[in-house]
Amino acid sequence: MKIAIVGAGIIGVTTAYELAADGHEVTVFERHGAAALETSFANAGVVAPGYVTPWAAPGMTGKVARYLFSRHAPVRVCWPLAAHEMRWMMRWRRACELDTYLANRARLQRLAFYSRERLHHLTEELQLDYDRSAGYMVLLRSEKDRRLVQPGLQVLRDAGVKFNEVDADQARALEPALNPDTGFLGAVHLPDDEVGNCRQFALLLKNHAQALGARFEFHCSVAPLDPAQPTVLRITRGNDAAPLAARFDAVVVCGGMAAAGLLRPVGLRVPLAAVHGYSISAPIREPLNAPRSGVMDERYKVAISRLGNRVRVSGSAEIGGDPTKKRPAAIQTLYKVLHDWFPGAAQLANTGAAVQEWKGARPMLPDGPPVLGATGVPGVWINIGHGSSGWALSCGSARAVADLMSARAPDVDLEGLGVERLAG
């Protein structure tokens, strides 16, 4: 088939590769000048399937309310809220019911474990050399933190995930650079989880997709789909005044936050909202003072990842407010957590080093899991709504969509991940 893909983030790139590997004629349209420049650009890089859970969870509404008054809140509602964000919050609140949460958690984790298998397969088969480190550790500052993670540990047990509860001394043996002046209770160590550079992986896989014949067209804006001809894309290249029409056998929308607008004219109402996250990335000052892999501060929900010769600190889930402005308190929280755990790891701004401070929009559905597969509109397919877990879900989502488009049964159960879920 002649297939168009809209979007060249990690979801669009993995989808392009899988479809090209299946022998399809693939063209990817991206409005930016390169791949993986939005949500995929500077995320935490964590691949921990057992920790992929919906933001819509029992008790979260109360936590969000309490976080309104917390300086270092991991989740924050900012003002003003747009009308669509208000509607999203109402649907999110309904999805916090226990039965809904349990169903969505199971869907996410099935896809996440399958995706990790596919990630490893591609990495080994294609000999992809990107910054990655094995192992992941959740740091527990207090007994309260230990109690709060217990339900999550039962989820890991039920899923057969290998983990170890360790005390502070054992945690320091695993991560010797942990600050000796920061006292803490212990940690949860997940030896089979990992961190990896999402954007590096995307760029490498893009090259392999191109070697298979896939074309990537950058600086291209795609107009909302035409209900009369949904597989005829109207594309504006660069500063051209008039759009060009291009006909395809199928279109796969992987366009992140833009997906809702692209799909609305063909009758698909996708309740996406931008939940922003932040990161800082800095060169390692002294390798012995840097983490070996990835850790997460359970109290502040901030991850610190070793990505080659850089340290990345990532956190926050923020809806509403001005998407063009970084909230200083969110950035300060990242610096605080880095200083608490690895004070000598990074060359920070006051040393004259280049520190990258980033804010990115995660396209999230109110109940958590993405939606992928056929839309019911002839020739139109979707792979959208992965939220903060796009890197962890990308390879599996792409392989599943490619299988569906070739009329094959995917190797993962896709119950609840289809477009029919949006009707609920």
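Our structure is the block above this text.
Residues numbered from 1 in each chain as written. Predicted model: local features only at pLDDT ≥ 70, side-chain atom pairs only at ≥ 80, totals over all residues. Heavy atoms only, no water.

**Student:** What am I meant to see in a positive patch on the surface here?
**Tutor:** Residues Lys 63, Arg 66, Lys 144 and Arg 147 make up a contiguous surface patch of positive charge. For the positive patch, the secondary-structure elements that each account for two or more residues are α2 (60–67) and α5 (143–159). In this fold, Arg 147 is placed in helix α5. (Patch = residues over 30% accessible without salt bridge, like charges linked within 9 Å, V, L, I, M, F, W, Y side chains within 5 Å. Areas by Shrake-Rupley, 256 points an atom, 1.4 Å probe, with all protein chains shown as cover. Salt bridge = Lys/Arg side-chain N within 4 Å of Asp/Glu carboxyl O. Lys, Arg positive; Asp, Glu negative; His and termini not counted. Charge placed at Lys NZ, Arg CZ, Asp CG, Glu CD. Helix = DSSP H or I, 4+ residues; strand = E, 2+ residues; numbered from the N terminus.)

**Student:** Looking at this model, I keep getting lost on the environment of Phe 69. Mind explaining?
**Tutor:** Tracing the backbone through its elements, the reader meets Phe 69 in the loop between α2 and β4 (75–78). Owing to a relative accessible area of 77%, Phe 69 belongs among the exposed residues under this scheme. (Buried < 20%, exposed > 50% of the residue type's maximum accessible area, 1.4 Å probe, protein only.)

**Student:** How do you make sense of the sheet that holds strand β8 (residues 215–217) when you look at a structure like this?
**Tutor:** Across a sheet, strands are paired by hydrogen bonds formed along the backbone, either parallel or antiparallel in direction. The strand order across the open sheet built from six strands is β8-β2-β1-β12-β19-β18, with neighbouring strands paired in mixed fashion. Where the open sheet ends on each side, the last strands, each with one partner, are β8 and β18 (371–374). Put simply, the sheet's adjacent strands are angled 20° from each other on average, direction ignored. Sheet analysis places strand β2 (residues 25–29) next to β8, joined by three bridges and oriented parallel. Its bridge partner being in β8, Phe 29 is matched across the sheet by Glu 217. Its contacts with the sheet put helix α1 (residues 10–21) on β1 (2–6), β2, β8, β12 (250–253) and β19 (380–384), and the angle it makes with β1 is roughly 170°. Across the sheet, helix α10 (residues 390–405) touches β1, β12, β18 and β19, and the angle it forms with β19 is around 165°. (Pairing = 2+ DSSP bridges. Axes fitted to C-alpha atoms, helices over the stretch in contact; angles between N-to-C directions. Contact = heavy atoms within 4.5 Å.)

**Student:** Just checking my understanding: could you explain the packing of helix α4 (residues 98–125) against α10 for this structure?
**Tutor:** Two quantities define a packed helix pair, namely the angle between the axes and the distance from one axis to the other. At a minimum axis separation of 7 Å, α4 and α10 run at an interaxial angle of 90°. Taken together, the axes of α4 and α10 are roughly perpendicular relative to one another. Together, Leu 108, Leu 111, Ala 112, Tyr 114, Ser 115, Arg 118, Leu 119 and Leu 122 of α4 and Trp 391, Ala 392, Leu 393, Ser 394, Cys 395, Gly 396, Ser 397, Arg 399 and Asp 403 of α10 make up the contact between the two elements. (Parallel < 35°, antiparallel > 145°, perpendicular 65-115°, else oblique.)

**Student:** When you look at the packing of aromatic side chains in this model, what are you seeing that I'm missing?
**Tutor:** Each aromatic ring pair is described using two quantities: the centre-to-centre distance and the angle formed by the ring planes. On inspection of all chains with the given rule, the structure shows nine aromatic pairs. Aromatic side chains Tyr 130 and Phe 201 sit 5.4 Å apart centroid to centroid with 80° between the ring planes, which places their arrangement in the edge-to-face category. Linking Tyr 130 in the loop between α4 and β5 (132–140) with Phe 201 in helix α7 (residues 198–211), this pair joins segments that are 71 residues apart in sequence. Here Lys 2 stacks its cationic end above the ring of Phe 248, 5.4 Å away from the centre of that ring. One residue, Lys 206, lies across the ring of Phe 216, its end atom 5.7 Å from the ring centre. (Phe/Tyr/Trp six-rings, centres within 6.5 Å; stacked < 30°, edge-to-face > 60°. Lys NZ or Arg CZ within 6 Å of the ring centre and 35° of its normal.)

**Student:** Please explain the nonpolar core as it appears in this structure.
**Tutor:** One recurring pattern in soluble globular proteins: nonpolar side chains tend to sit buried together. If you look at the biggest cluster of nonpolar residues, it comprises 48 residues, and the most contacted ones within it are Ile 5, Phe 201 and Val 252. Mapped onto this core, the elements with two or more residues apiece are β1, α1, β2, α4, α7, β12 and α10. Examining the composition of this core, we find that eight residues originate from one element, α10, more than from any other. When neighbours within four sequence positions are excluded, Val 252 is seen to be in contact with Ile 3, Ala 4, Ile 5, Val 6, Thr 15, Leu 19, Trp 381, Val 401 and Met 405. Leu 139, Ala 290, Ala 330 and Leu 338 belong to the second-largest nonpolar core, a separate cluster that totals 29 residues. (Core = buried A, V, L, I, M, F, W, Y, C linked by side-chain atoms within 4.5 Å.)

**Student:** In this structure, what is going on with the side chain of Arg 107? I would like to understand it.
**Tutor:** In this fold, Arg 107 is placed in helix α4. Separated by 2.8 Å, the side chains of Arg 107 and Glu 415 make a polar contact. (Polar contact = N/O pair within 3.5 Å; in protein donor to acceptor, adjacent residues only side chain to side chain.)

**Student:** I would appreciate a short explanation of the environment of Glu 286 in the present structure.
**Tutor:** Inspection of the secondary structure puts Glu 286 in the loop between β13 (273–283) and β14 (294–297). Residues Glu 286 and Gln 347, spaced 61 residues apart in sequence, show a C-alpha to C-alpha distance of 8.7 Å. Apart from the residues lying within four places of it in its own chain, the contact partners of Glu 286 are Gly 344 and Ala 345. Polar contacts involving the side chain of Glu 286 include one to the main-chain amide nitrogen of Leu 288, which spans 3.0 Å.

**Student:** Would you take a moment to explain the pairing of strand β10 (residues 232–237) for this structure?
**Tutor:** Moving residue by residue along a regular strand, the side chains alternate between the two faces of the sheet. Of the strand pairs in this sheet, strand β9 (residues 220–222) and β10 are connected by three bridges, and their pairing is antiparallel. Along β10, the bridge assignment pairs Cys 220 with Arg 237. Connecting the antiparallel pair β10 and strand β11 (residues 244–247) is a turn made up of six residues, with Gly 238 showing a positive phi of about 55°.

**Student:** It is not clear to me how the pattern of salt bridges should be interpreted in this structure. Could you clarify?
**Tutor:** Two side chains of opposite charge can pair, provided their charged atoms sit close to one another. Applying the stated rule across the entire model yields 24 salt bridges. Salt-bridge contacts for Asp 22 lead to Arg 408; the nearest nitrogen and oxygen are separated by 2.8 Å. Here Asp 22 is found in the loop between α1 and β2, whereas its partner Arg 408 is found in the segment after α10, with 386 residues between them in sequence. We classify Asp 22 as partly exposed; its relative accessible area is 28%. Arg 408 sits in the partly exposed class, given a relative accessible area of 37%. Put simply, Lys 301 and Glu 298 hold a salt bridge, and the shortest N to O gap is 3.1 Å. The exposure class of Lys 301 is partly exposed, given its relative accessible area of 37%. According to the relative accessible area criterion, Glu 298 is buried, its value standing at 11%. Here the residues in one salt-bridge network are Glu 18, Asp 22, Arg 118, Arg 399, Asp 403 and Arg 408, joined through shared partners.

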